[in-house]
Amino acid sequence: MNEPIWKKNGKVVTKEEFREGVEPIDWSATTLPRASKTYQEDDPLISESIGCMPHQVSEFRESIREEGITGAKVLDSGQVAFTSKSARRSLMKMFKKHDADGGYGDG
């Protein structure tokens, strides 16, 4: 296996010389950003693609109730406000749609 070549200012140096004067990073002390976004009541995900036409709202609300899906609210405009990732997944499954985000982290 090839060993790495350590260069500093264009000159080949040892690993120790390369790291000289550099403080090691304490990764346990850092907070890394989280990729997943949680939908909440005050900041829901509004979806138009899974929604319906305004005249179909009452029927759509009834379908969601019959399926027992909680965390999805059909707005009067026909859009769906999701406050739960599992509701989003269940509703997409109900319509046989594919999640372009891949559903990473969905519970």
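Residues numbered from 1 in each chain as written. Predicted model: local features only at pLDDT ≥ 70, side-chain atom pairs only at ≥ 80, totals over all residues. Heavy atoms only, no water.

**Student:** How should unusual backbone geometry be read in this particular structure?
**Tutor:** A negative phi angle is the norm for most residues apart from glycine, just as the trans form is the norm for most peptide bonds. In this model, asparagine 9 sits at a positive phi of 55 degrees, which is unusual for a non-glycine residue. In this structure, lysine 96 takes a positive phi of about 55 degrees despite not being glycine.

**Student:** Which parts of the structure should I look at to understand the nonpolar core?
**Tutor:** The nonpolar side chains of soluble globular proteins are, as a tendency, buried together. Ranked by internal contacts, the top residues of the largest apolar core, which has 14 residues, are Phe60, Ala72, Val74, Val80, Phe82 and Leu91. Listing elements by their share of this core, those giving two or more residues are α2 (57–67), β4 (72–74), β5 (80–82) and α3 (85–94). Setting aside residues up to four positions removed in sequence, valine 74 forms contacts with Cys52, Val57, Phe60, Arg61, Ile64, Gln79 and Val80. (Core = buried A, V, L, I, M, F, W, Y, C linked by side-chain atoms within 4.5 Å. Buried < 20%, exposed > 50% of the residue type's maximum accessible area, 1.4 Å probe, protein only. Helix = DSSP H or I, 4+ residues; strand = E, 2+ residues; numbered from the N terminus. Contact = heavy atoms within 4.5 Å.)

**Student:** Can you help me understand the environment of arginine 65 in this one?
**Tutor:** Mapped onto the secondary structure, arginine 65 falls in helix α2. In this structure arginine 65 comes out as exposed when scored by relative accessible area, which is 57%. In terms of polar contacts, arginine 65 uses its side chain to reach the side chain of glutamate 62, at 3.0 Å. (Polar contact = N/O pair within 3.5 Å; in protein donor to acceptor, adjacent residues only side chain to side chain.)

**Student:** I tried to follow the side chain of serine 47 on my own but got confused; where do I start?
**Tutor:** If you trace the backbone, serine 47 turns up in strand β3 (residues 45–47). Among the polar contacts listed, one links the side chain of serine 47 to the backbone nitrogen of isoleucine 50, at a separation of 3.4 Å. Among all residues touching serine 47, those that are not within four sequence positions of it are Gln79, Val80 and Phe82.

This is a description of form; function is not addressed.
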